[in-house]
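The lines below spell out each chain.
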Amino acid sequence: MPDLKFLANMNISPLTVEELKQKGWDIIRVSEVMDIKTKDIFILQFARKHNRVLITQDLDFSALLALGGYAKPSVINLRVENGSPNSITKRIVEVVSEMENELKKGVIVSVDDVAIRYRSLPIKLE
């Protein structure tokens, strides 16, 4: 069980969130704390304010972090072929166990079926 708190975006299945909760993770879904139509920038602000790693399949968050020059929150961006809740849950567990220290510091993690890439925050725009 990671020593981190998480916020799952709306594109992450409630089944995934529930399974991670059952594993003892401190994770909430956006719909539990704000309106489902909340703009991405406010979701990002919530995650930063409450020190939660954002888990999403939406690339907009990476752009918002880069443009804003933010050092937090860390974002896990899932770009996987198999979108089943079981597959997503398994991949999240793998990524977090491998990247926990980096996630504590502030990173954007891009995850596909075979690779994990990350960039430290804040992202310097040239």
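Treat the numbers as computed from the prediction; the structure is a model and nothing was measured.

Draft legend 1. Expanded view of the pairing of strand E4 (residues 75–78). Residues Val75 and Asn77 of E4 are buried on one face, and the alternating residues Ile76 and Leu78, pointing to the opposite face, are buried as well. For the crossover that starts at strand E3 (residues 52–56), traverses helix H4 (residues 60–68) and ends in the parallel E4, the hand is right-handed. Chirality of the crossover, the property in question, places the unit of E4, helix H5 (residues 85–105) and strand E5 (residues 107–111) among those that are left-handed.

Draft legend 2. Structural detail: the packing of helix H3 (residues 40–49) against H4. Orientation of H3 relative to H4, taken along the N-to-C sense of each, is 70°, at an axis distance of 10 Å. By the angle between their axes, H3 is roughly perpendicular relative to H4. In this structure, H3 uses Asp40, Ile41, Ile43 and Leu44 to contact H4, whose residues at the interface are Asp60, Phe61, Leu64 and Leu65. The residue inventory of the contact of H3 with H4, partitioned by class, reads six nonpolar, no polar and two charged.

Draft legend 3. Expanded view of the packing of aromatic side chains. All chains considered together, the criterion is met by one aromatic pair. Above the plane of the ring of Tyr70 lies Arg48, whose end atom (NZ or CZ) is 3.8 Å from the centre.

Draft legend 4. The arrangement of unusual backbone geometry in detail. The omega angle of the peptide bond from Lys72 to Pro73 is 5°, so this bond is cis rather than trans. Cis geometry is found at the peptide bond from Leu121 to Pro122, where omega equals -5°. Mapped onto the secondary structure, Pro122 falls in the segment after strand E6 (116–120). We note that Asn51 has phi near 50°; this positive angle belongs to a residue other than glycine. Inspection of the secondary structure assignment puts Asn51 in the loop between H3 and E3.

Draft legend 5. Looking closely at the side chain of Ser62. Inspection of the secondary structure puts Ser62 in helix H4. Among the polar contacts listed, one links the side chain of Ser62 to the side chain of Asn77, at a separation of 3.3 Å. For Ser62, the residues in contact, after removing those within four places along its chain, are Asn77 and Ile108.

Draft legend 6. Representation of the pairing of strand E2 (residues 26–29). Across four bridges, strand E1 (residues 5–8) lies against E2 in parallel orientation. Each bridged residue has a counterpart across the sheet, and for Phe6 the counterpart in E2 is Ile27. In terms of handedness, the path from E1 via helix H1 (residues 14–22) over to E2 forms a crossover that is right-handed.

Draft legend 7. Looking closely at the nonpolar core. Phe6, Ile76 and Leu103 are the most contacted members of the largest nonpolar core, which has 22 residues in total. Of all the secondary-structure elements, those providing two or more residues to this core are E1, H1, E3, E4, H5 and E5. Top element by residues in this core is H5. It accounts for six residues. In this view, Phe6 contacts Trp25, Asp26, Ile27, Ile28, Arg52, Val53, Ile55, Ile76 and Val96; residues no more than four positions away in its chain are not counted. Membership of the second largest hydrophobic core comes to 16 residues, among which are Ile28, Val30, Ile43 and Leu121.

Rules used throughout
- Counting from 1, residues in each chain are numbered in the order their sequence is written.
- Residues qualify for local features only when their pLDDT is at least 70, as the model is predicted, and side-chain atom pairs are given and counted only at 80 or more; totals for whole chains, interfaces and linings, by contrast, use all residues.
- Hydrogens are left out, water is left out, and the side-chain values use all remaining heavy atoms of the structure.
- Burial here depends on accessible area, computed with a 1.4 Å probe over protein chains only, as a share of the maximum for the residue type. Under 20% is buried, over 50% is exposed, and the range in between is partly exposed.
- For the purposes of this entry, the term helix denotes a DSSP run of H or I that reaches at least four residues, the term strand denotes a run of E that reaches at least two, and both are numbered from the N terminus.
- When the strands point away from the viewer and the connection leading from the first strand across the helix to the second strand turns clockwise, the crossover is called right-handed.
- Each axis is a line fitted through C-alpha atoms, and for a helix only the stretch in contact is used; angles between axes span 0 to 180 degrees, taken between their N-to-C directions.
- Note on terminology: angles under 35 degrees are roughly parallel, angles over 145 are roughly antiparallel, angles of 65 to 115 are roughly perpendicular, and the others are oblique.
- Whether two residues are in contact is decided by their heavy atoms: any pair within 4.5 Å suffices.
- The classification used treats Ala, Val, Leu, Ile, Met, Phe, Trp, Tyr, Cys and Pro as nonpolar, Asp, Glu, Lys and Arg as charged, and all other residues, Gly among them, as polar.
- Between rings of Phe, Tyr and Trp, where Trp is taken as its six-membered ring, a pair exists when centres lie within 6.5 Å; planes separated by under 30 degrees are stacked, by over 60 edge-to-face, and by other angles tilted.
- We call a charge positioned above a ring when the Lys NZ or Arg CZ atom is no farther than 6 Å from the ring centre and deviates by at most 35 degrees from the ring normal.
- Throughout this description, a polar contact denotes any pair of N or O atoms lying within 3.5 Å of each other; where both atoms belong to protein, one of them has to be capable of donating a hydrogen while the other can accept it, and for residues adjacent in sequence the pair is counted only when both atoms sit in side chains.
- Between any two strands, at least two bridges found by DSSP are needed for them to pair.
- We define a nonpolar core as any set of buried Ala, Val, Leu, Ile, Met, Phe, Trp, Tyr and Cys residues linked to one another through side-chain atoms lying within 4.5 Å.

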